[in-house]
Amino acid sequence: MNRRHFLRQSALISAGALLLPPALLEACRKKSADEDIGFGGKVLIIGAGAAGLYAGYILRSKGIDFEILEASSAYGGRVGKINGFADFPLDTGAQWLHGKNNILGDLIAKTQTEITLDDSAEFFWFNNQITGTLPDDIEAIFLREDNVPDVSFKDFAVQEGFGNEYADIVEGIAGDSGAAASRISAYWKIQEEAAWNSGDDDFKFRGTYFDFIDTNIAAQVKDRIQLNTIVSKIDYSQSSVVVTDSNNNTYTADKVIVTVPVTILKAGDIEFVPALTQEKTDAFAKIGMDAGMKVFLKFSSAFYHQNIIGGNTCGAYADEIIGKTGSDHVLLAFIMGEQAERLTALGSDSAITSALLQELDTMYSGQATASFIGSQVINWTTHPFIRGAYSYSTVGMGNARETAAQPVDKKIFFAGEAMNYNGNHQTVFGAVETGYREVINILNSVKK
Amino acid sequence: MKKLIAAFVLLLFCRCSFALENKLELSYTYLYSGQWDKAIQAYNFSRPFLANQQPLFMNGLNASASHIFKPHKVFSYGITVSYLYFRSSVKNENFLNTLNLHFADIGWLVHFENTEKPDGFYSELAFSAVSSGLFRTVNRKSFRYDGARAKAFGIGGDIHLKAGYEFSAKNNFFISPFAALGYTPFLFSPNTEGVINQTTGLTGRRWTGIVQVQAGIALHWKKET
């Protein structure tokens, strides 16, 4: 090869490489996780909460046949709303978007949904008075990254020298994670915080979380939802999976995604045939999910602070008007864990309301009862197909979420906020992530 | 770190008195990164509300400069710095999502050419430290949350093998087409998935291997001493 020949050849090769159409190169690498995977089967989704709805949305977008079986008379799971109680709609379940670096943040941007930053001020009920600051920063110990033992919030606070006067504050902090302070693990909570990537700012929807999910996700799959269908048995012993409901109707599918709350799995309300392994049921048992309720209290005047943490009856109160457009004065009592259990035990909505008014009267010198108009109690604990607030990590949790979420026999897949082991459990977007994760797992299970 | 940089600069200037070749390169770079592909694939899979899919990091530009100390030996040595840029951008209704990926390398190279019987061919083997930065913009604005820009930084090591053929253009000025193959066995960039797919540990590992294929043109200035 002479020099001229080489130069000509190398120039041609270089030009060829430079001009090689990107489309040709791109054709060699798939852009999406589902390319080249053919699946002509049917998928049954148990539960029409955020995870189930989103799994359905993904399946529809991939042209895969599916059906969603929902036990209750409405879809949305722990996302819901009520109109008419105030002159703005109220979120009965999930309310805050915790950070916007998540899939729903993208959907919000794309759909130009209006959200507002909740930067309301935090106050504490401490030593029988309302204060903006505590003598010692107890919240900081739950954000510490090292030397945190696997003990409960309650025990950890005591170990760190916080006395009984902080007990209700600790309960309020634990309640933010949907748990009783005596049950949630300080160690695992901090591990989860380390994986948290969505951001620390909280946002509220100008409308409701439900409207957002309904318009943008549920609308895509509504025609495939069968309400009032209580699944009682999932038989995966044969090549197809046979699902039986409480009326003995059967549904056959190739794959099933179970998205019910972990309380339902823990209670064994769904019989699996063959039975799930002990390891699996132990994992369900380790995932905590405590009682939880939201009580909306309507007043003739806003005598209260924007947020009050540390009540003995209710760990956290929040002004509902933040981020909304309206003129009614509604205070949300956000009650979790043992406090929710105690209030539930009172047996009636009026008794629950009275207990809360009594506490607010103590805080605000009788102004609560004097200006009280009405209340709306949303008790998720007594909801037959929810039975709690949202999942949290118990002491000794380990990798229970990951174990619980593992598919069974390439036929049964688990989704829902409790099955999110990437730090985003307790959130709607965390549930959504598990919805699409399990569709990916289904497609991977049929990959040849 | 400051001491290390000072020592490097001192070495560079001290050896400049013996410097015989400087080289500037511009090349097209084809990139393959398994973990980042997975993150983008998951992003595309999981967002059916975005009709147009996010491209993979694939086609980029590389600019590099090398300084070779003894090119009249069969084996000579030098230092090299380079910058690579990749962009993944897609427009959907109300949503223009762009990922900008930058690499900066600094390394040491072995240059081989037959100085006994010059035939124009040369080859190089370079070992570099790599740093990377990934940033996201949405609708042409930096994507920010909690008051900070969404970002993922990475660090790793790279090995590059390059072959070219130089021909004289004018006096001590040479031009060479070249092709190169680069391999980064380990680039630790823990937040990359967090920027691309907005998740942590869902799509893959916190580190990736990278393969690069490059083709481009180098300009050489040779100085006799």
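The model shown is predicted, which means the values in this text are computed figures rather than measured ones. Counting restarts for each chain: residues are numbered from 1 in the order of the written sequence. All chains are assigned letters beginning at A, and all ligands numbers beginning at 1, according to the order in which they are written. Only residues with pLDDT of at least 70 get local features here, since the model is predicted, and only at 80 or more are side-chain atom pairs given and counted; chain-wide, interface and lining totals rely on the full set of residues.

Some points on the overall build of chain B
Each helix is a run of H or I in the DSSP string that is no shorter than four residues. Each strand is a run of E no shorter than two, and both are numbered from the N terminus. Secondary structure summary: chain B contains three helices and twelve strands in total. For chain B, buried positions account for 40% of its 225 residues. Two residues qualify as a contact pair if the distance between their C-beta atoms, derived from the backbone, is within 7 Å. Excluding contacts between residues fewer than 6 apart, the proportion of contacts in chain B whose partners are at least 24 apart in sequence is 68%. Partly exposed residues are those falling between the two cut-offs: more than 12 but fewer than 20 other C-beta atoms within 10 Å of their own, whereas 20 or more means buried and 12 or fewer means exposed, with C-beta atoms placed from the backbone.

Some points on the sheet that holds strand β13 (residues 250-253) of chain A
Residue and element names in this part refer to chain A. Strand pairing is assigned whenever DSSP identifies at least 2 bridges connecting the two strands. Sheet architecture is open: four strands sit in the order β13-β12-β11-β15, paired in mixed fashion. At either end of the open sheet lies a strand with only one pairing partner, and these are β13 and β15 (271-273). For this sheet, the mean angle separating the axes of adjacent strands, direction not counted, is 20 degrees. Relative to β15, strand β11 (residues 231-235) runs parallel, the two being bridged by three bridges. Note that in β15 the partner of I234 across the bridge is F272. In this analysis an axis means a line fitted to C-alpha atoms, helices contributing only their contacting stretch, and an angle means the value between N-to-C directions, from 0 to 180 degrees.

Structural notes on the interface of chain A and chain B
Taken residue by residue, the interface counts 42 residues in chain A and 34 residues in chain B. Only α1 (3-19), α2 (22-27), α3 (50-61), α4 (103-111) and α16 (428-445) of chain A provide two or more residues apiece to the side of chain A that touches chain B. Ranked by residue count, the leading element in the side of chain A that touches chain B is α1(A), at eight residues. Just so you know the grouping, Ala, Val, Leu, Ile, Met, Phe, Trp, Tyr, Cys and Pro go in nonpolar, Asp, Glu, Lys and Arg go in charged, and all remaining residues, Gly too, go in polar. In the side of chain A that touches chain B, the residues fall into 16 nonpolar, 13 polar and 13 charged.

Considering helix α12 (residues 337-345) of chain A
Residue and element names in this part refer to chain A. Among the residues of α12, G337, Q339, A340 and L343 are the ones counted as buried. The arc enclosing the buried residues of α12, seen along the axis, measures out at 150 degrees, which places them on a common side. Where α12 is buried, its residues contact α7 (167-176), β17 (292-299), β20 (329-336) and α13 (349-363). Phi turns positive one or two residues past the end of α12, at G347, with a value near 95 degrees. To obtain the arc, one takes the directions from the helix axis to the C-beta atoms.

Concerning the nonpolar core
In these notes, a nonpolar core means any group of buried Ala, Val, Leu, Ile, Met, Phe, Trp, Tyr and Cys residues linked to one another through C-beta atoms within 7 Å. Counting 154 residues, the largest nonpolar core has L53(A), Y54(A), A55(A), F153(A), V256(A), A333(A) and V432(A) as its most contacted members. A total of nine residues in this core trace back to one element, the largest contributor, which is α16(A).

Notes on the confidence of the model for chain A
The quantity known as pLDDT measures the predictor's confidence residue by residue, on a range of 0 to 100. Confidence along chain A averages 93 in pLDDT terms, with 93% of residues attaining 70 or more. Low pLDDT (under 50) marks residues 10-14 of chain A, which in the prediction has five contacts with non-local residues, meaning those over four places away or in another chain.

Focus on the environment of K23(B)
All names here are of chain B. Looking at where K23 falls in the secondary structure, it is placed in strand β1 (residues 21-33). Taking the C-alpha atoms as reference points, K23 and L219, separated by 196 residues in sequence, lie 5.5 Å from one another. Apart from residues no more than four positions distant in its own chain, K23 is found in contact with A65, S66, I68, A218, L219 and H220.

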